[in-house]
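Understanding the architecture of this molecule
The residues making up each chain are set out below.
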Protein chains: 2
Amino acid sequence: MKKLCMILAVLASVMLTGCKSQECAPSALDVMMSRTSIRSFTGDPISREQLETILKAGMAAPTAMNGQPWRFVVVTDKDKIASVFASGFRGEMFTQAGAVIVVCGQTTQMRKPFGQPDAPEEEQPNMFWYEDCSAAAENILLAAHALGLGAVWTAGYPAMERVAPIAAALGIPEKVVPLCIIPVGVPAENPEPKDKWKPENIHWEQW
Amino acid sequence: MKKLCMILAVLASVMLTGCKSQECAPSALDVMMSRTSIRSFTGDPISREQLETILKAGMAAPTAMNGQPWRFVVVTDKDKIASVFASGFRGEMFTQAGAVIVVCGQTTQMRKPFGQPDAPEEEQPNMFWYEDCSAAAENILLAAHALGLGAVWTAGYPAMERVAPIAAALGIPEKVVPLCIIPVGVPAENPEPKDKWKPENIHWEQW
(Lines give C-alpha, C1' and ligand atoms only; values in the text may rest on other atoms or scores of the structure.)
Protein backbone atom coordinates (compact mmCIF):
# COMPACT_ATOMS: atom_id res chain seq x y z
CA MET A 1 0.00 0.00 0.00
CA LYS A 2 2.81 2.36 0.91
CA LYS A 3 4.54 1.48 -2.35
CA LEU A 4 1.39 2.17 -4.42
CA CYS A 5 1.02 5.50 -2.65
CA MET A 6 4.63 6.41 -3.49
CA ILE A 7 4.08 5.46 -7.14
CA LEU A 8 0.95 7.61 -7.30
CA ALA A 9 2.78 10.54 -5.67
CA VAL A 10 5.63 10.27 -8.18
CA LEU A 11 3.14 9.92 -11.05
CA ALA A 12 1.22 13.00 -9.88
CA SER A 13 4.39 15.08 -9.58
CA VAL A 14 5.74 13.95 -12.98
CA MET A 15 2.42 14.84 -14.60
CA LEU A 16 2.33 18.20 -12.86
CA THR A 17 5.69 19.05 -14.45
CA GLY A 18 4.64 17.55 -17.78
CA CYS A 19 1.43 19.57 -17.89
CA LYS A 20 3.27 22.79 -17.09
CA SER A 21 5.91 22.25 -19.77
CA GLN A 22 3.16 21.67 -22.35
CA GLU A 23 2.07 25.33 -22.45
CA CYS A 24 0.70 25.99 -25.92
CA ALA A 25 1.89 28.63 -28.39
CA PRO A 26 -1.05 30.49 -29.96
CA SER A 27 -2.49 28.60 -32.91
CA ALA A 28 -1.99 29.79 -36.47
CA LEU A 29 -5.61 30.95 -36.64
CA ASP A 30 -5.19 32.93 -33.41
CA VAL A 31 -2.02 34.54 -34.75
CA MET A 32 -3.73 35.53 -38.00
CA MET A 33 -6.79 36.93 -36.21
CA SER A 34 -4.85 38.85 -33.55
CA ARG A 35 -2.14 40.33 -35.80
CA THR A 36 -2.42 44.04 -36.43
CA SER A 37 -0.11 46.78 -37.69
CA ILE A 38 2.39 47.99 -35.09
CA ARG A 39 3.89 51.41 -35.81
CA SER A 40 5.47 52.21 -32.45
CA PHE A 41 8.51 50.33 -31.12
CA THR A 42 10.67 50.47 -28.00
CA GLY A 43 13.97 50.82 -29.87
CA ASP A 44 15.22 47.45 -28.61
CA PRO A 45 17.22 45.34 -31.07
CA ILE A 46 15.98 42.16 -32.77
CA SER A 47 18.32 39.17 -32.67
CA ARG A 48 19.79 37.63 -35.79
CA GLU A 49 18.08 34.37 -34.82
CA GLN A 50 14.67 36.08 -34.66
CA LEU A 51 15.28 37.74 -38.03
CA GLU A 52 16.26 34.43 -39.62
CA THR A 53 13.13 32.75 -38.22
CA ILE A 54 11.04 35.56 -39.71
CA LEU A 55 12.80 35.30 -43.08
CA LYS A 56 12.44 31.51 -43.10
CA ALA A 57 8.69 31.99 -42.72
CA GLY A 58 8.81 34.49 -45.59
CA MET A 59 10.61 32.00 -47.81
CA ALA A 60 8.05 29.29 -46.95
CA ALA A 61 5.36 31.14 -48.93
CA PRO A 62 4.25 29.63 -52.23
CA THR A 63 5.55 31.02 -55.53
CA ALA A 64 4.33 30.63 -59.09
CA MET A 65 6.12 27.66 -60.67
CA ASN A 66 8.42 27.64 -57.62
CA GLY A 67 10.17 30.75 -59.00
CA GLN A 68 11.11 32.13 -55.54
CA PRO A 69 11.56 35.66 -56.94
CA TRP A 70 11.99 37.19 -53.47
CA ARG A 71 15.11 39.00 -52.35
CA PHE A 72 15.41 40.59 -48.91
CA VAL A 73 17.52 43.49 -47.71
CA VAL A 74 17.65 43.62 -43.91
CA VAL A 75 18.96 46.73 -42.20
CA THR A 76 19.65 46.69 -38.46
CA ASP A 77 22.20 49.51 -38.17
CA LYS A 78 20.45 52.41 -36.40
CA ASP A 79 22.25 55.17 -38.33
CA LYS A 80 21.60 53.47 -41.62
CA ILE A 81 17.92 52.94 -40.79
CA ALA A 82 17.63 56.65 -39.96
CA SER A 83 19.35 57.78 -43.15
CA VAL A 84 17.58 55.42 -45.57
CA PHE A 85 14.03 55.15 -44.20
CA ALA A 86 13.28 57.91 -41.72
CA SER A 87 13.03 60.96 -43.96
CA GLY A 88 9.51 60.26 -45.24
CA PHE A 89 6.02 60.01 -43.79
CA ARG A 90 5.95 58.66 -40.21
CA GLY A 91 9.74 58.30 -40.11
CA GLU A 92 9.80 57.70 -36.36
CA MET A 93 8.35 54.21 -36.76
CA PHE A 94 11.55 53.27 -38.57
CA THR A 95 14.03 54.86 -36.15
CA GLN A 96 12.53 52.97 -33.20
CA ALA A 97 12.38 49.62 -35.03
CA GLY A 98 14.94 46.89 -34.32
CA ALA A 99 15.28 46.09 -38.02
CA VAL A 100 13.83 47.02 -41.38
CA ILE A 101 13.11 44.26 -43.89
CA VAL A 102 12.83 45.40 -47.50
CA VAL A 103 10.94 42.71 -49.41
CA CYS A 104 12.03 42.90 -53.03
CA GLY A 105 11.14 41.01 -56.17
CA GLN A 106 13.34 39.89 -59.03
CA THR A 107 11.14 41.04 -61.91
CA THR A 108 12.74 38.79 -64.52
CA GLN A 109 13.57 35.10 -64.61
CA MET A 110 15.81 32.88 -66.73
CA ARG A 111 13.69 30.46 -68.76
CA LYS A 112 13.97 28.37 -71.88
CA PRO A 113 11.72 29.74 -74.62
CA PHE A 114 8.35 27.96 -74.58
CA GLY A 115 8.44 24.64 -76.46
CA GLN A 116 12.22 24.75 -77.11
CA PRO A 117 13.77 22.40 -74.55
CA ASP A 118 17.20 22.48 -76.24
CA ALA A 119 17.47 26.28 -76.52
CA PRO A 120 19.53 28.25 -73.98
CA GLU A 121 17.69 30.03 -71.16
CA GLU A 122 16.61 33.60 -71.81
CA GLU A 123 15.73 36.44 -69.49
CA GLN A 124 11.95 36.82 -69.42
CA PRO A 125 9.56 38.91 -67.31
CA ASN A 126 8.13 37.14 -64.23
CA MET A 127 4.56 38.35 -64.18
CA PHE A 128 3.83 36.90 -60.74
CA TRP A 129 6.71 38.38 -58.72
CA TYR A 130 4.59 40.86 -56.72
CA GLU A 131 2.02 38.21 -55.77
CA ASP A 132 4.72 35.79 -54.60
CA CYS A 133 6.51 38.55 -52.67
CA SER A 134 3.22 39.72 -51.12
CA ALA A 135 2.60 36.20 -49.79
CA ALA A 136 6.13 36.24 -48.33
CA ALA A 137 5.49 39.67 -46.77
CA GLU A 138 2.32 38.38 -45.09
CA ASN A 139 4.25 35.41 -43.66
CA ILE A 140 6.87 37.87 -42.36
CA LEU A 141 4.20 39.91 -40.55
CA LEU A 142 2.67 36.75 -39.06
CA ALA A 143 6.03 35.34 -37.97
CA ALA A 144 6.97 38.61 -36.27
CA HIS A 145 3.67 38.59 -34.39
CA ALA A 146 4.08 34.90 -33.49
CA LEU A 147 7.46 35.81 -31.91
CA GLY A 148 5.83 38.58 -29.86
CA LEU A 149 7.26 41.31 -32.10
CA GLY A 150 5.42 43.99 -34.05
CA ALA A 151 5.64 44.98 -37.70
CA VAL A 152 3.81 46.92 -40.37
CA TRP A 153 3.65 46.65 -44.18
CA THR A 154 4.54 50.04 -45.65
CA ALA A 155 4.14 50.64 -49.36
CA GLY A 156 6.82 50.21 -51.97
CA TYR A 157 6.00 49.20 -55.56
CA PRO A 158 4.15 50.60 -57.48
CA ALA A 159 4.71 53.86 -55.52
CA MET A 160 7.99 54.38 -57.37
CA GLU A 161 8.64 57.88 -55.98
CA ARG A 162 9.06 56.19 -52.59
CA VAL A 163 10.88 53.12 -53.92
CA ALA A 164 13.58 54.73 -56.08
CA PRO A 165 15.62 56.53 -53.37
CA ILE A 166 15.50 53.47 -51.06
CA ALA A 167 16.64 51.16 -53.88
CA ALA A 168 19.46 53.58 -54.73
CA ALA A 169 20.62 53.91 -51.10
CA LEU A 170 20.71 50.13 -50.60
CA GLY A 171 22.40 49.34 -53.93
CA ILE A 172 19.45 47.25 -55.14
CA PRO A 173 20.01 46.29 -58.80
CA GLU A 174 17.88 47.57 -61.64
CA LYS A 175 15.61 44.57 -62.20
CA VAL A 176 14.92 44.06 -58.50
CA VAL A 177 12.08 46.17 -57.07
CA PRO A 178 11.20 46.83 -53.41
CA LEU A 179 7.61 45.67 -52.96
CA CYS A 180 7.28 46.77 -49.35
CA ILE A 181 9.30 48.06 -46.44
CA ILE A 182 8.62 46.39 -43.08
CA PRO A 183 9.91 47.83 -39.81
CA VAL A 184 10.08 45.10 -37.15
CA GLY A 185 10.54 45.76 -33.46
CA VAL A 186 9.50 45.26 -29.90
CA PRO A 187 5.99 46.76 -29.72
CA ALA A 188 5.51 49.98 -27.75
CA GLU A 189 1.76 49.90 -28.40
CA ASN A 190 -0.93 47.25 -28.15
CA PRO A 191 -3.78 48.23 -30.49
CA GLU A 192 -6.90 46.12 -30.96
CA PRO A 193 -6.91 44.28 -34.30
CA LYS A 194 -9.46 45.72 -36.75
CA ASP A 195 -12.57 43.66 -37.32
CA LYS A 196 -12.61 43.30 -41.10
CA TRP A 197 -15.08 40.41 -41.31
CA LYS A 198 -17.74 41.49 -43.80
CA PRO A 199 -19.98 38.66 -45.03
CA GLU A 200 -21.11 40.98 -47.85
CA ASN A 201 -17.65 40.57 -49.39
CA ILE A 202 -18.40 36.88 -49.96
CA HIS A 203 -20.52 35.73 -52.90
CA TRP A 204 -21.69 32.14 -52.53
CA GLU A 205 -21.80 30.10 -55.76
CA GLN A 206 -22.28 33.18 -58.00
CA TRP A 207 -21.67 36.94 -57.80
CA MET B 1 -2.55 6.77 4.67
CA LYS B 2 -5.33 5.14 2.66
CA LYS B 3 -7.00 8.54 2.32
CA LEU B 4 -3.78 10.20 1.08
CA CYS B 5 -3.33 7.43 -1.43
CA MET B 6 -6.89 7.93 -2.70
CA ILE B 7 -6.29 11.66 -3.03
CA LEU B 8 -3.10 11.05 -4.99
CA ALA B 9 -4.88 8.57 -7.26
CA VAL B 10 -7.69 11.04 -7.95
CA LEU B 11 -5.14 13.83 -8.52
CA ALA B 12 -3.17 11.66 -10.94
CA SER B 13 -6.28 10.74 -12.91
CA VAL B 14 -7.56 14.33 -13.03
CA MET B 15 -4.19 15.49 -14.29
CA LEU B 16 -4.06 12.72 -16.86
CA THR B 17 -7.34 14.01 -18.30
CA GLY B 18 -6.17 17.62 -17.96
CA CYS B 19 -2.92 16.94 -19.80
CA LYS B 20 -4.80 15.17 -22.58
CA SER B 21 -7.26 18.04 -23.04
CA GLN B 22 -4.37 20.51 -23.30
CA GLU B 23 -3.14 19.05 -26.59
CA CYS B 24 -1.60 21.92 -28.55
CA ALA B 25 -2.59 23.01 -32.03
CA PRO B 26 0.50 23.48 -34.22
CA SER B 27 2.04 26.94 -33.76
CA ALA B 28 1.78 29.59 -36.46
CA LEU B 29 5.43 29.09 -37.36
CA ASP B 30 4.91 25.32 -37.69
CA VAL B 31 1.87 25.90 -39.90
CA MET B 32 3.79 28.30 -42.16
CA MET B 33 6.79 25.95 -42.44
CA SER B 34 4.76 22.78 -43.04
CA ARG B 35 2.24 24.18 -45.52
CA THR B 36 2.68 23.05 -49.09
CA SER B 37 0.53 23.02 -52.21
CA ILE B 38 -2.06 20.24 -52.26
CA ARG B 39 -3.41 19.37 -55.70
CA SER B 40 -5.15 16.07 -54.99
CA PHE B 41 -8.31 15.84 -52.89
CA THR B 42 -10.64 13.08 -51.71
CA GLY B 43 -13.80 14.71 -53.06
CA ASP B 44 -15.25 15.15 -49.56
CA PRO B 45 -17.17 18.39 -48.90
CA ILE B 46 -15.94 21.29 -46.78
CA SER B 47 -18.39 22.64 -44.21
CA ARG B 48 -19.74 26.18 -44.33
CA GLU B 49 -18.20 26.72 -40.89
CA GLN B 50 -14.75 25.70 -42.15
CA LEU B 51 -15.11 27.95 -45.18
CA GLU B 52 -16.11 30.91 -43.01
CA THR B 53 -13.12 30.31 -40.71
CA ILE B 54 -10.85 30.29 -43.77
CA LEU B 55 -12.44 33.47 -45.17
CA LYS B 56 -12.19 35.20 -41.78
CA ALA B 57 -8.46 34.51 -41.82
CA GLY B 58 -8.32 35.94 -45.34
CA MET B 59 -10.09 39.11 -44.24
CA ALA B 60 -7.68 39.48 -41.31
CA ALA B 61 -4.82 40.32 -43.69
CA PRO B 62 -3.58 43.91 -43.78
CA THR B 63 -4.65 46.25 -46.59
CA ALA B 64 -3.25 49.57 -47.79
CA MET B 65 -5.05 52.39 -45.96
CA ASN B 66 -7.52 49.75 -44.72
CA GLY B 67 -9.08 49.63 -48.18
CA GLN B 68 -10.15 45.95 -47.89
CA PRO B 69 -10.41 45.61 -51.69
CA TRP B 70 -10.96 41.83 -51.51
CA ARG B 71 -14.07 40.12 -52.78
CA PHE B 72 -14.53 36.34 -52.66
CA VAL B 73 -16.59 34.03 -54.80
CA VAL B 74 -16.92 30.60 -53.20
CA VAL B 75 -18.23 27.71 -55.27
CA THR B 76 -19.14 24.42 -53.59
CA ASP B 77 -21.60 22.97 -56.10
CA LYS B 78 -19.85 20.02 -57.79
CA ASP B 79 -21.45 20.53 -61.20
CA LYS B 80 -20.67 24.21 -61.17
CA ILE B 81 -17.07 23.59 -60.11
CA ALA B 82 -16.70 21.15 -63.01
CA SER B 83 -18.21 23.54 -65.56
CA VAL B 84 -16.37 26.71 -64.46
CA PHE B 85 -12.93 25.49 -63.39
CA ALA B 86 -12.21 22.00 -64.68
CA SER B 87 -11.75 22.58 -68.40
CA GLY B 88 -8.18 23.93 -68.16
CA PHE B 89 -4.79 22.60 -67.12
CA ARG B 90 -4.98 20.03 -64.28
CA GLY B 91 -8.76 20.29 -64.12
CA GLU B 92 -9.06 17.20 -61.89
CA MET B 93 -7.72 19.09 -58.88
CA PHE B 94 -10.84 21.25 -59.03
CA THR B 95 -13.38 18.47 -59.50
CA GLN B 96 -12.12 16.64 -56.39
CA ALA B 97 -11.99 19.79 -54.23
CA GLY B 98 -14.66 20.49 -51.62
CA ALA B 99 -14.83 24.16 -52.61
CA VAL B 100 -13.15 26.66 -54.88
CA ILE B 101 -12.40 30.13 -53.52
CA VAL B 102 -11.87 32.82 -56.15
CA VAL B 103 -9.96 35.68 -54.52
CA CYS B 104 -10.85 38.84 -56.38
CA GLY B 105 -9.84 42.47 -56.06
CA GLN B 106 -11.91 45.60 -56.50
CA THR B 107 -9.50 47.55 -58.70
CA THR B 108 -11.03 50.96 -57.97
CA GLN B 109 -11.98 52.74 -54.78
CA MET B 110 -14.17 55.70 -53.85
CA ARG B 111 -11.99 58.52 -52.50
CA LYS B 112 -12.13 62.25 -52.00
CA PRO B 113 -9.66 63.98 -54.34
CA PHE B 114 -6.35 64.59 -52.53
CA GLY B 115 -6.41 67.73 -50.38
CA GLN B 116 -10.14 68.42 -50.98
CA PRO B 117 -11.93 67.25 -47.81
CA ASP B 118 -15.25 68.86 -48.84
CA ALA B 119 -15.38 67.46 -52.36
CA PRO B 120 -17.53 64.40 -53.14
CA GLU B 121 -15.83 61.00 -53.38
CA GLU B 122 -14.62 59.95 -56.80
CA GLU B 123 -13.79 56.56 -58.26
CA GLN B 124 -10.02 56.20 -58.38
CA PRO B 125 -7.69 53.28 -59.16
CA ASN B 126 -6.52 51.28 -56.13
CA MET B 127 -2.90 50.57 -56.99
CA PHE B 128 -2.43 48.14 -54.10
CA TRP B 129 -5.37 45.77 -54.66
CA TYR B 130 -3.28 42.80 -55.84
CA GLU B 131 -0.87 43.07 -52.90
CA ASP B 132 -3.71 43.21 -50.37
CA CYS B 133 -5.49 40.31 -52.05
CA SER B 134 -2.26 38.29 -52.21
CA ALA B 135 -1.84 38.68 -48.45
CA ALA B 136 -5.45 37.49 -48.01
CA ALA B 137 -4.78 34.53 -50.32
CA GLU B 138 -1.75 33.50 -48.24
CA ASN B 139 -3.87 33.63 -45.06
CA ILE B 140 -6.46 31.46 -46.79
CA LEU B 141 -3.84 28.83 -47.66
CA LEU B 142 -2.49 28.90 -44.08
CA ALA B 143 -5.95 28.68 -42.52
CA ALA B 144 -6.88 25.71 -44.71
CA HIS B 145 -3.69 23.92 -43.66
CA ALA B 146 -4.29 24.81 -40.00
CA LEU B 147 -7.70 23.12 -40.27
CA GLY B 148 -6.12 19.98 -41.72
CA LEU B 149 -7.32 20.78 -45.23
CA GLY B 150 -5.29 21.23 -48.39
CA ALA B 151 -5.26 24.04 -50.94
CA VAL B 152 -3.22 25.48 -53.78
CA TRP B 153 -2.86 28.96 -55.26
CA THR B 154 -3.55 28.77 -58.99
CA ALA B 155 -2.92 31.78 -61.18
CA GLY B 156 -5.48 34.39 -62.12
CA TYR B 157 -4.47 38.02 -62.81
CA PRO B 158 -2.48 39.02 -64.79
CA ALA B 159 -3.02 35.83 -66.87
CA MET B 160 -6.17 37.34 -68.34
CA GLU B 161 -6.79 34.53 -70.86
CA ARG B 162 -7.46 32.30 -67.85
CA VAL B 163 -9.31 34.95 -65.81
CA ALA B 164 -11.82 36.22 -68.36
CA PRO B 165 -13.95 33.06 -68.86
CA ILE B 166 -14.06 32.41 -65.09
CA ALA B 167 -15.12 35.99 -64.37
CA ALA B 168 -17.81 35.74 -67.06
CA ALA B 169 -19.15 32.41 -65.78
CA LEU B 170 -19.40 33.69 -62.20
CA GLY B 171 -20.92 37.07 -63.09
CA ILE B 172 -17.98 39.01 -61.62
CA PRO B 173 -18.35 42.72 -62.46
CA GLU B 174 -16.03 44.58 -64.78
CA LYS B 175 -13.83 46.36 -62.22
CA VAL B 176 -13.37 43.28 -60.05
CA VAL B 177 -10.55 40.95 -61.13
CA PRO B 178 -9.85 37.37 -60.00
CA LEU B 179 -6.33 37.37 -58.57
CA CYS B 180 -6.17 33.63 -57.91
CA ILE B 181 -8.32 30.55 -57.84
CA ILE B 182 -7.88 28.30 -54.80
CA PRO B 183 -9.31 24.77 -54.67
CA VAL B 184 -9.71 23.65 -51.04
CA GLY B 185 -10.36 20.10 -49.98
CA VAL B 186 -9.55 17.10 -47.87
CA PRO B 187 -5.99 16.13 -48.92
CA ALA B 188 -5.52 12.91 -50.89
CA GLU B 189 -1.74 13.39 -50.90
CA ASN B 190 0.84 14.27 -48.28
CA PRO B 191 3.83 15.81 -50.06
CA GLU B 192 6.91 17.10 -48.22
CA PRO B 193 7.04 20.91 -48.09
CA LYS B 194 9.77 22.34 -50.34
CA ASP B 195 12.86 23.67 -48.58
CA LYS B 196 13.08 27.22 -49.98
CA TRP B 197 15.46 28.63 -47.35
CA LYS B 198 18.30 30.27 -49.29
CA PRO B 199 20.51 32.57 -47.21
CA GLU B 200 21.87 33.99 -50.48
CA ASN B 201 18.49 35.65 -51.03
CA ILE B 202 19.14 37.82 -47.95
CA HIS B 203 21.37 40.89 -48.14
CA TRP B 204 22.41 42.17 -44.71
CA GLU B 205 22.65 45.96 -44.34
CA GLN B 206 23.35 46.53 -48.09
CA TRP B 207 22.84 44.66 -51.40
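Residues numbered from 1 in each chain as written. Chains lettered and ligands numbered in written order. Predicted model: local features only at pLDDT ≥ 70, side-chain atom pairs only at ≥ 80, totals over all residues. Heavy atoms only, no water.

Here we come to the overall build of chain A. A tally of helices and strands in chain A yields 7 helices and 8 strands. A buried classification covers 48% of the 207 residues belonging to chain A. Surface exposure of chain A reaches about 9800 Å², of which carbon and sulfur atoms provide 56%. (Helix = DSSP H or I, 4+ residues; strand = E, 2+ residues; numbered from the N terminus. Buried < 20%, exposed > 50% of the residue type's maximum accessible area, 1.4 Å probe, protein only. Areas by Shrake-Rupley, 256 points an atom, 1.4 Å probe, with all protein chains shown as cover.)

With 82 residues of chain B at the interface, the matching set in chain A holds 82 residues. Here chain B and chain A share an interface that buries about 7500 Å² over both sides, 67% of which is from carbon and sulfur atoms. Its largest share of buried area at the contact with chain A, chain B owes to Trp204, Glu205 and Trp207 of chain B, together 11% of the area lost on that side. Put simply, chain B and chain A have 0 salt bridges between them. Inspection of the region where chain B meets chain A yields 32 residue pairs in polar contact (both at pLDDT 80 or more). Of all the elements in the fold, those that place two or more residues in the side of chain B that touches chain A are helix H1 (2–21), helix H2 (28–34), helix H3 (48–58), strand E1 (70–75), helix H6 (129–146), helix H7 (160–170), strand E7 (176–185) and strand E8 (202–204) of chain B. Its residues assigned to classes, the side of chain B that touches chain A shows 54 nonpolar, 13 polar and 15 charged. Two elements, strand E8 (residues 202–204) of chain A and E1 of chain B, share 3 bridges in a ladder whose sense is parallel. Counted as the bridge partner of His203 of chain A is Val73 of chain B from E1 of chain B. (Contact = heavy atoms within 4.5 Å. Buried area = accessible area lost by both parts, 1.4 Å probe. Salt bridge = Lys/Arg side-chain N within 4 Å of Asp/Glu carboxyl O. Polar contact = N/O pair within 3.5 Å; in protein donor to acceptor, adjacent residues only side chain to side chain. Nonpolar A, V, L, I, M, F, W, Y, C, P; charged D, E, K, R; others polar. Pairing = 2+ DSSP bridges.)

What follows covers the pattern of salt bridges. The final tally for this structure, using the stated rule, is 4 salt bridges over all chains. With its nearest N and O atoms 3.0 Å apart, the salt bridge here joins Glu123 of chain A to Lys175 of chain A. Placement of Glu123 of chain A in strand E4 (residues 122–125) and of Lys175 of chain A in the loop between helix H7 (160–170) and strand E7 (176–185) is noted, with a sequence separation of 52 residues between them. Judged by relative accessible area, Glu123 of chain A falls into the partly exposed class, the value being 42%. For Lys175 of chain A, a relative accessible area of 36% corresponds to the partly exposed category. For the salt bridge of Glu52 of chain B with Arg48 of chain B, the shortest nitrogen-to-oxygen distance reads 3.4 Å. Of the two residues, Glu52 of chain B and Arg48 of chain B both sit in helix H3, 4 residues apart, roughly one turn of that helix.

Time to look at the relation of the copies chain B and chain A. One copy of the chain maps onto the second through a rotation about an axis and a displacement along it. Between chain B and chain A, the superposition needs a rotation of 180° and an axial shift of 0.0 Å, giving an RMSD of 0.1 Å. Such values leave the two copies arranged in the relation of a two-fold axis. A symmetric contact is evident, with 100% of the interface residues of chain B recurring at the interface of chain A. (Least-squares fit on C-alpha atoms with pLDDT ≥ 70 in both.)

Before going further, it helps to spend a moment on the pairing of strand E1 (residues 70–75) of chain A. Residue and element names in this part refer to chain A. Counting buried residues in E1 gives 6 out of 6 residues, a clear majority hidden from the surface. Of the two faces of E1, both are covered, the one formed by Trp70, Phe72 and Val74 as well as the one formed by Arg71, Val73 and Val75. In this sheet, strand E2 (residues 99–106) lies alongside E1 in antiparallel orientation, the contact comprising 6 bridges. By the bridge assignment for E2, Val75 is matched with Val100.

Here we come to the environment of Arg35 of chain B. The residue Arg35 of chain B is located in the loop between H2 and H3 in this model. Under the relative-accessibility criterion, Arg35 of chain B is labelled buried at 6%. Residues Arg35 of chain B and Ala119 of chain B, spaced 84 residues apart in sequence, show a C-alpha to C-alpha distance of 47 Å. Apart from the residues lying within four places of it in its own chain, the contact partners of Arg35 of chain B are Ala60, Ala61 and Pro62 of chain A together with Glu138, Leu141, Leu142, His145, Pro193 and Lys196 of chain B. At a separation of 3.4 Å, a polar atom in the side chain of Arg35 of chain B contacts the main-chain carbonyl oxygen of Ala60 of chain A.

Another aspect to go through is the side chain of Ser37 of chain A. Note on placement: Ser37 of chain A falls in the loop between helix H2 (28–34) and helix H3 (48–58). What Ser37 of chain A contacts, discounting residues up to four positions off in sequence, is Ala151, Val152, Glu189 and Pro191 of chain A.

Now for the environment of Met33 of chain A. Relative to the helices and strands, Met33 of chain A resides in helix H2. Met33 of chain A sits 128 residues away from Glu161 of chain A along the chain, and the two C-alpha atoms are 33 Å apart. For Met33 of chain A, the residues in contact, after removing those within four places along its chain, are Pro193 of chain A together with Lys56, Ala57 and Ala60 of chain B.

Our focus in this paragraph is empty space enclosed by the protein. Within the structure shown, the criterion is met by 2 cavities of 30 Å³ or more. Quantified by volume, the largest cavity comes out at close to 40 Å³. Elements with a contribution of two residues or more to the lining of the largest cavity: H2 of chain A together with H2 of chain B. Residues of the lining of the largest cavity, tallied by class, amount to 8 nonpolar, no polar and no charged. Along the walls of the second largest cavity sit Arg35, Thr36, Leu141, His145, Leu149, Gly150 and Ala151 of chain A, which together make up its complete lining. Counting only elements with at least two residues in the lining of the second largest cavity, the list comes to helix H6 (129–146) and strand E5 (150–151) of chain A. (1 Å grid on protein atoms, 1.4 Å probe; cavity = no way out; pocket = protein on both sides within 12 Å on 5 of 7 lines; lining within 4 Å. Points joined across faces, edges and corners; volume = space filled by probe spheres on them.)

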